[in-house]
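Structural overview for review
Here are the chains, one letter per residue:
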Amino acid sequence: MTEYPFFFTWTAQSAVKPFELTGGQGAWFTTSDGGRWLDLGALAYQVNAGHGERRITDAITRQADELALSMANAVYPAKVELAERLLAMAGPGFSKVFFTLSGAEANENAIKIARQVTGRMKLLSRYRSYHGASMGALSLTGDWRRPPLEPGIPGVVHVHDCYCDRCPFGQELATCKRECATTIGQTLALEGARSIAAVFLEPVPGANGVLVPPDDYWPIVREACTADGALLVADEVLTGFGRTGKPFGFQHWNVVPDIITCAKGLASGYATIGAVIVHERVARHFDANVLACGLTYYAHPIACAAAVATMKVYEEDGMYDHAARLGPVLRRELDACARRLPAKSYVRSLGLLAALEVEAPADAWTRLGAELSRRKLSLHVDGKRGTAIFAPPLCIGEEELVTGMRSFADGAVAAFAGRGSKDAASGGPEP
Ligand SMILES: Cc1ncc(COP(=O)(O)O)c(C=O)c1O
């Protein structure tokens, strides 16, 4: 047990290694022991605009002075501007925004909207997915976080993923028939035609290994949903706001979902806010029908101001283009790292979201954790699933990225070759 009077998440309390975060600047954060860490994981994938961003914190202060309290039917400039910006970012046809406090809540409300609009109850998602920790979002989630809490909400069906390096259909990308995509249309029919309200997909499954789909995956799924009448929901909580080099991840594939959910990068973690962005063809249902969704802190003024300021930072600094330009640099460095490893490995990436998957025993991953602590590199290492995931703040400089990735590569070579320490340096975050 730790001495702290609160729970730490997703862990046995006796296993946690707390660290004191004191601040940060750009792609770096600091800890109370004087440590300065290169943040190659954007903390929990949310710090797209970077640490210590005064343009956002100043906007929060101004809004707190001006108007900090509201209720659902209140209107103020930050609320209007944020909705307008989100609709413009989503593209033609999107007409309404529903605000939430988190990514999980965005998905909860997308479930409710889809059920109300279609009159159907069932939902479809994938096994290698994470959609949030509340019961509806967790029921959609396919990964290890769902089974301990089952039964979840009824009617959720899971299908296999676009995991081309280990195709669940036993195929090779060059010769496959996109079974991962066509299985969705088949499942919609097998579940009873016109019974699934919505298909929830991360454009690129993120925390589950950066499973970049083939270019025709999303168009095939879009067509299947249109044919069946199921709504297509793009869960952009992790991939949104430039993470993959486009404003939203789905925009890589020339498709238009019916609903977009987002959070994390929306205010870059400076405030707790998420959103459901709804296409006009769905939103118009609620012109005459009651929208049975609501939250006390709907469109909180301070969160809206933080999100507007964050979106302005992305725009002023051209961060989405910067992420698109640095994506190949991250890829090049990871490919170079993989070539140096003594174990079989796979690299997957899109923009500034990348995974290195290595076939290595658990102790090698423990050694990697220790190497990263020693090198003060923060990223998402998942030894159980054999992946390291990279998602640096979009403001990271090319030199910072290259230096950090080369340090990572040296640490990975040592760890996977059986060298290096097993003991994580104390006083730093669990990478
Ligand atoms: C794709 C995706 N959806 C939803 C969520 C849940 O977001 P939150 O933790 O803000 O509830 C996450 C969080 O990691 C996510 O990665």
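Near the ligand, the surroundings consist of 14 residues, among which Ser102, Gly103, Ala104, Gly132 and Val237 are the closest. Top contributing element to the shell around the ligand by residue count: helix α4 (residues 103-118), with 3 residues.

Across the interface, helix α12 (residues 362-375) lies against helix α13 (residues 398-416) with an axial gap of 8 Å and an inter-helix angle of 145°. α12 and α13 meet at a crossing whose hand is right-handed. Within the contact between the two elements, α12 uses Ala364, Arg367, Leu368, Glu371, Leu372 and Arg375 and α13 uses Ser407, Gly411, Ala412, Ala414, Ala415 and Phe416. A class-by-class count of the residues in the contact of α12 with α13 yields 7 nonpolar, 2 polar and 3 charged.

Okay, unusual backbone geometry next. Following Glu150, the chain continues to Pro151 via a peptide bond in cis, the omega torsion being 5°. Tracing the backbone through its elements, the reader meets Pro151 in the loop between α5 (135-140) and β6 (156-159). Backbone geometry at Val210 places phi at a positive 50°, although glycine is not the residue there. Note that Val210 resides in the loop between β7 (196-201) and α7 (217-228). Residue class for Val210 comes out buried when judged on the 25 C-beta atoms lying within 10 Å of it.

Moving on, we get to α12. In a regular helix each residue adds 1.5 Å, so 14 residues correspond to 20 Å; α12 covers 20 Å between its end C-alpha atoms and thus fits that length. Elements in contact with the buried residues of α12: β13 (377-378), β14 (380-382) and α13.

Turning to the nonpolar core, a few remarks are in order. With 130 residues, the main nonpolar core has Val199, Ala306 and Ala307 as its most contacted residues. Counting residues per element, this core draws most heavily on helix α10 (residues 301-316), which supplies 11 residues. A domain split of this core shows at least three residues from each of domain 1 (13-52 + 318-416) and domain 2 (55-316). Each residue touching Val199, except ones within four places of it in the same chain, is listed here: Leu124, Ile184, Val221, Cys225, Ala230, Leu232 and Val233.

So, on to the domain arrangement of the protein. Each assigned domain of the protein is listed with its residue range as follows: domain 1 (13-52 + 318-416) and domain 2 (55-316). Placing a centre on the C-alpha atoms of domain 1 and another on those of domain 2 gives a separation of 25 Å. Contacts between the two partners involve 27 residues from domain 1 and, on the opposite side, 25 residues from domain 2. When residues of the side of domain 1 that touches domain 2 are traced back to their parent elements, those giving at least two are α1 (42-45), α11 (319-340), β11 (345-350), β12 (353-358) and β15 (387-390). Looking at the side of domain 1 that touches domain 2, the element that brings in the most residues is α11, giving 5 residues. When grouped by side-chain class, the residues that make up the side of domain 1 that touches domain 2 number 17 nonpolar, 7 polar and 3 charged.

A separate point is helix α6 (residues 179-190). In this model α6 runs 15 Å from its N-terminal to its C-terminal C-alpha over 12 residues, within 8% of the 16 Å that 1.5 Å per residue would give. Buried within α6 we find Cys180, Ala181, Ile184 and Leu188. All buried residues of α6 fall inside an arc of 115° around its axis, so they share one side. What points out from α6, more than 90 degrees from its buried face, is the exposed set Gln186 and Leu190. Tucked inside the fold, the buried residues of α6 contact β5 (122-126), β6, β7 and α7. A positive phi of about 105° marks Gly192, the residue just after α6.

Read from one edge to the other, the open sheet built from 4 strands follows the order β11-β12-β15-β14, with strand pairing classed as antiparallel. If you trace the sheet from one side to the other, it starts and ends with β11 and β14, each paired once. If you compare each strand with its neighbour and ignore which way they point, the axes differ by 10° on average. Here 3 bridges tie β14 to β15, and the two strands are oriented antiparallel to one another. Each bridged residue has a counterpart across the sheet, and for Val381 the counterpart in β15 is Ala388. The strands touched by α11 within the sheet are β11, β12 and β15, with β11 carrying the most contacts at an inclination of about 180°.

The next subject is the pairing of strand β10 (residues 274-279). Extensive coverage of β10 is indicated by the burial of 6 of its 6 residues. Burial along β10 is two-sided: Gly274, Val276 and Val278 and Ala275, Ile277 and His279, pointing in opposite directions, are all buried. Taken together, the 6 bridges between strand β4 (residues 94-100) and β10 define a ladder with antiparallel strand orientation. By the bridge assignment for β10, Thr100 is matched with Gly274. Looking at chain direction, strand β9 (residues 259-262) and β10 are connected through 4 bridges and run antiparallel. Bridge pairing in β10 links Ile260 to Ile277.

Before going further, it helps to spend a moment on the pairing of β12. Summarising burial for β12: 6 of the 6 residues are buried, a large majority. Side chains Leu353, Ala355 and Glu357 project from β12 onto one buried face, and the interleaved Ala354, Leu356 and Val358 project onto a second face that is buried too. By the bridge criterion, 6 bridges tie β11 to β12 in an arrangement that is antiparallel. The partner of Leu350 across the bridge, within β12, is Leu353. Following β11, the chain reverses through 2 residues before pairing antiparallel with β12; Gly351 in that reversal takes a positive phi of roughly 60°. Pairing of β12 with β15, which is carried by 4 bridges, proceeds in the antiparallel orientation. Bridging across to β15, Leu356 finds its partner in Ala388.

Procedures and definitions
Residues numbered from 1 in each chain as written. Predicted model: local features only at pLDDT ≥ 70, side-chain atom pairs only at ≥ 80, totals over all residues. Near = placed C-beta within 6 Å. Helix = DSSP H or I, 4+ residues; strand = E, 2+ residues; numbered from the N terminus. Axes fitted to C-alpha atoms, helices over the stretch in contact; angles between N-to-C directions. Left-handed = near helix turned anticlockwise from the far one by under 90°. Contact = placed C-beta atoms within 7 Å. Nonpolar A, V, L, I, M, F, W, Y, C, P; charged D, E, K, R; others polar. Buried ≥ 20, exposed ≤ 12 C-beta atoms within 10 Å, placed from the backbone. Expected span 1.5 Å × (residues − 1). Core = buried A, V, L, I, M, F, W, Y, C linked by C-beta atoms within 7 Å. Domains from an automatic or database assignment. Arc of directions from axis to C-beta. Pairing = 2+ DSSP bridges.

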